[in-house]
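What follows is the residue order along each chain.
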Amino acid sequence: MTCPRCDFDTIRQLATSPVAGIWDVLQCHRCLYTWRTTEPARRTQRDTYPDEFRMTQADIDNAPEVPTVLPLLSRPPHTAH
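These numbers come from a predicted model, not from an experiment. (Residues numbered from 1 in each chain as written. Predicted model: local features only at pLDDT ≥ 70, side-chain atom pairs only at ≥ 80, totals over all residues. Heavy atoms only, no water.)

> I keep staring at the overall build of the chain and nothing clicks. Help me out?
Across its full length, the chain holds 2 helices and 3 strands. Counting helices and strands in the order they occur from the N terminus, the chain gives β-β-β-α-α. Against the globule reference of 12 Å for 81 residues, the chain gives a C-alpha radius of gyration of 18 Å, more extended than a compact globule. The C-alpha extent of the chain, read off along each of the three principal axes, is 60 × 40 × 20 Å. Taken over 81 residues, the chain has a buried fraction of 20%. Considering only residue pairs separated by 6 or more positions, the chain has 34% of its internal contacts joining residues 24 or more positions apart. (Helix = DSSP H or I, 4+ residues; strand = E, 2+ residues; numbered from the N terminus. Rg over C-alpha atoms; globule rule 2.2 N^0.38 Å. Buried < 20%, exposed > 50% of the residue type's maximum accessible area, 1.4 Å probe, protein only. Contact = heavy atoms within 4.5 Å.)

> What's the story with the environment of R12 in this structure? I'm lost.
Take R12: it is sitting in strand β1 (residues 11–16). Judged by its relative accessible area of 47%, R12 is partly exposed. A polar atom in the side chain of R12 sits 2.8 Å from the side chain of Q27. (Polar contact = N/O pair within 3.5 Å; in protein donor to acceptor, adjacent residues only side chain to side chain.)

> Teacher, can you tell me more about the packing of aromatic side chains here?
Two numbers describe a pair of aromatic rings. These are the distance of the centres and the angle of the planes. Going through the model one piece at a time under the given rule, you end up with 2 aromatic pairs. Note on Y33 and W35: the rings are 5.3 Å apart at their centroids and 25° apart in plane angle, and the pair reads as stacked. W35 shares its class with Y33; the two are buried. With 5.5 Å between their ring centres and 75° between their planes, Y33 and Y49 make a pair best called edge-to-face. In this pair, Y33 is assigned in the loop between β2 (24–28) and β3 (34–36) and Y49 in the loop between α1 (41–44) and α2 (57–61), connecting sequence segments 16 residues apart. Here Y33 matches Y49 in class, with each residue buried. An aromatic cluster of at least three residues, connected via ring pairs, comprises Y33, W35 and Y49. (Phe/Tyr/Trp six-rings, centres within 6.5 Å; stacked < 30°, edge-to-face > 60°.)

> Help me understand unusual backbone geometry in this model?
Glycine aside, residues mostly have negative phi, and peptide bonds are mostly found in the trans state. With a phi close to 65°, D7 is a non-glycine residue in the positive phi region. By the element assignment, D7 lies in the segment before β1.

> Explanation requested: the pattern of salt bridges in the structure shown.
Note on pairing: side chains with opposite charge can pair once their charged atoms come close. Scanning the model with the defined rule gives 1 salt bridge in all. D51 is the salt-bridge partner of R54, the closest N and O atoms lying 3.4 Å from each other. Residue classification places R54 among the partly exposed residues on the basis of a relative accessible area of 26%. Its relative accessible area of 58% is what places D51 among the exposed residues. (Salt bridge = Lys/Arg side-chain N within 4 Å of Asp/Glu carboxyl O.)

Treat this as a map of the structure, not an account of what it does.
Below, the structure is given as structure tokens:
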């Protein structure tokens, strides 16, 4: 198996369905593309992944920096009325 987006061959499993064998969530180690195995072929298979969204190592190396995700704001304690 290779990444549909960048054709890299190191894929890791991030999650699996609570019912065994239904779906897995996979992620490419190189470009970080993430998909669920039950998505259509155009999202899960390299040969049908749209050309305009494919990436090479050069594309990844030259990509703009991804902004940092800020931490969640803490909420005040809930009070009963």
